[in-house]
Every structure is written in C-alpha cells, then in structure tokens.
Amino acid sequence: MKISIQGIPGSFHHQVALQYFGDDVEIQSFKTFEEVAKSVRTEDSQFGVMAIENSIAGAILPNYELIDRYSLHIFDEFFLPISHNLMCMPGQKIREIKVVRSHPMALLQCKKFFEGYPNISLIDDVDTATVAKRIMEEKLVGVGAIASSIAAEIYGLEILASDIQTVQNNFTRFILLQKEKSTPTSIPNKASIKVTISNERGSLAKLLSQISDLGLNLSKIQSIPVIENPWNYSFFLDIQFDIYEDYLKAVEAIIQSGGEVKVFGEYQSGK
Ligand SMILES: O=C(O)C(=O)C[C@]1(C(=O)O)C=C[C@@H](O)C=C1
C-alpha cells in the first residue's frame, strides 16, 4: 500500500502516516502538498495525508484549494499533538544560532519563543525534518531547525530548547485522502463540504440557520475566494451531527435554496 506525504522520516506527516496505517506501508515523500494531491489523483498512491489546520497557527488555506481542484475525497481525519524543539549541530549554544529554518506552519507555532531571540532570523523551508537532516549532512553551524524530538534522534542533532510552541497544548488536524469515495465502515458523524452561495444580503445567515435548525454543529467555517469571480467566496464547512439523516436534510435544504454543494467527505470525527 502506497501513502503520499509531504516530508521525510521524522516529519509530522511521516508520524501520522505510521500511526494511522502502521509500519507495513510504503511512504512516498514529496516536497509540496500539490505533489501529494497529484499523486493521489493519478492513483500513483492509494492514500494521502495532508495537514489542514493547527490549533495555534490556524488553517493551511492553500490545502483547501488543492482538495477542491483535484477533487479529492476525505475519508478520515487524525489529530496529532505537536511538540516543537529547537535543535542544531551538537556543541553549540543558543546565542550562536543566527538562522532557524523550518516549515512555515512550525515557525508560526513558535513565534512567541523567538520574540526572546531577536537576532535569530526565521526562514521558511520545506518540512521540519528535511532541515534537521540537511544541518547534519552539511554540518551547518549557526543554523537551527524546529522539529520533533524524533527528528533530532534520527538525524543526530542536539536539542537546545524543548516544547517551544506558543502553548503546550498544540494539535494539528490532518485529513486522510483518496481518489474516490469508498463505502464508510461506520455511519459518519462528520462531513466536510464546500458551499457556494450568492453574494446577497442574508445568504450566509440563511445557510447557518439551515444548519442550526436541524441541530447540527458547525465545527469549522472557512471562506475561500472564487478566483474566476473576484470578491465572491465559497465556504468550506465541517459539520458534526448525531443523526446522519439530519445532515442529509441540511444539504438538501441548502441546495433547495439555491446553494451549490460539493461533498469532500463524510467520516467519523477523530476527536
Ligand atoms: O514539516 C513537517 O514536519 C510537517 O509534517 C508539516 C506540518 C504542517 O504542514 O503543518 C505538520 C504539522 C505541524 O503543524 C507543522 C508542520
């Protein structure tokens, strides 16, 4: 079984792939989320793992667009607790570090820590573990990585500061992707859908009422620009429900009132 991820061993995506699918899978590493989406779409891989939002840094907006553009199917979600560590080639002190490189989402999650180190420049890079690997391979001094303790262990780096994320309780939500919808093994209690409504007074209020009137819980709403139609937006909704039929009724009501609905996935909540 082939699983596509962004990142290399020691990255958070790699940890999710192993925890979710077990050790007995072939993990294909890519540098970008777009390559992950493409590999699932072309069935080069059976499944893909993609981070979608973090409890400190918020949504990874471009990933919503990728799921939409490649018409991928979300069949599950996974919440991973995230602990970040500042690491470097062994034997250095934190005051000797001039540059810290990491995945942009990881840098955002540790912004507060680096306010105490204004002389350190923060630079976006591919993924947390790739930076750790590069530091060791190229014996880079004065350069730090932000990554997991697993990455420090794999690539032989020394941890200068642990748990440097802005709040200790930090989670990233990952979605599990495949090309086609498959029959769920249990009755779903969560759905991810895209709704496009007209840009008119009250249209969003009406959409929200249709969801709440049926007793559904809107756990996330994200507006995404409709690029062909400037200043118009679609909404990505995550909806949680106890009764599957109530969710179907809400979708029907939205369509009846002129909304366009694209269902990305119906699955069991990972929380
Ligand atoms: O760079 C990594 O290790 C990743 O797996 C990427 C990623 C992300 O895309 O958000 C995953 C989890 C953390 O939120 C930080 C970075």
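These figures come from a predicted structure and were not determined experimentally. (Residues numbered from 1 in each chain as written. Predicted model: local features only at pLDDT ≥ 70, side-chain atom pairs only at ≥ 80, totals over all residues.)

A. Examining the environment of K93 more closely. Within the secondary structure, K93 sits in the loop between β6 (85–88) and β7 (99–102). The exposure class assigned to K93 is exposed, which follows from the 8 C-beta atoms found within 10 Å. Taking the C-alpha atoms as reference, K93 lies 18 Å from Y155; in sequence the two are 62 residues apart. (Helix = DSSP H or I, 4+ residues; strand = E, 2+ residues; numbered from the N terminus. Buried ≥ 20, exposed ≤ 12 C-beta atoms within 10 Å, placed from the backbone.)

B. Structural view of the UniProt feature "domain: ACT" (unreviewed entry) in the protein. The sites that UniProt annotates as "domain: ACT" (unreviewed entry) are residues 192–268. The span residues 192–268 is 31% helix and 39% strand, and its two end C-alpha atoms sit 11 Å from each other. (UniProt positions renumbered as here; feature names shortened; annotations may be inferred.)

C. The arrangement of the pairing of strand β12 (residues 190–196) in detail. When you tally the buried positions in β12, you get five out of seven residues, the bulk of the element. Bridge count for β12 against strand β14 (residues 233–240) is seven bridges, and the pairing is antiparallel. If you follow I193 over to β14, its bridge partner there is L237. Taken together, the seven bridges between β12 and strand β15 (residues 260–267) define a ladder with antiparallel strand orientation. Opposite A191, over in β15, you have E266 as the bridge partner. (Pairing = 2+ DSSP bridges.)

D. Inspection of helix α9 (residues 244–256) at higher detail. For α9, spanning 13 residues, the distance from its first C-alpha to its last is 19 Å, which sits close to the expected 18 Å at 1.5 Å a residue. Y247, A250 and I254 are the residues of α9 that are buried. Buried residues of α9, seen end-on, are gathered within an arc of 55° and therefore sit on one face of the element. α9 presents E245, E252, I255 and Q256 as exposed residues on the side facing more than 90 degrees away from its buried surface. Turning to α9, the residues buried within the fold contact β12, α8 (203–213), β14 and β15. Backbone geometry just downstream of α9 places G258 in the positive-phi region, at approximately 95°. (Expected span 1.5 Å × (residues − 1). Arc of directions from axis to C-beta. Contact = placed C-beta atoms within 7 Å.)

E. Looking closely at the nonpolar core. Counting 64 residues, the largest nonpolar core has M50, A132 and A147 as the members making the most contacts within it. Broken down by element, the residue count for this core peaks at five residues, all from strand β3 (residues 47–54). Among all residues touching A147, those that are not within four sequence positions of it are G10, N85, M87, S102, T128, A129, V131, A132 and A152. (Core = buried A, V, L, I, M, F, W, Y, C linked by C-beta atoms within 7 Å.)

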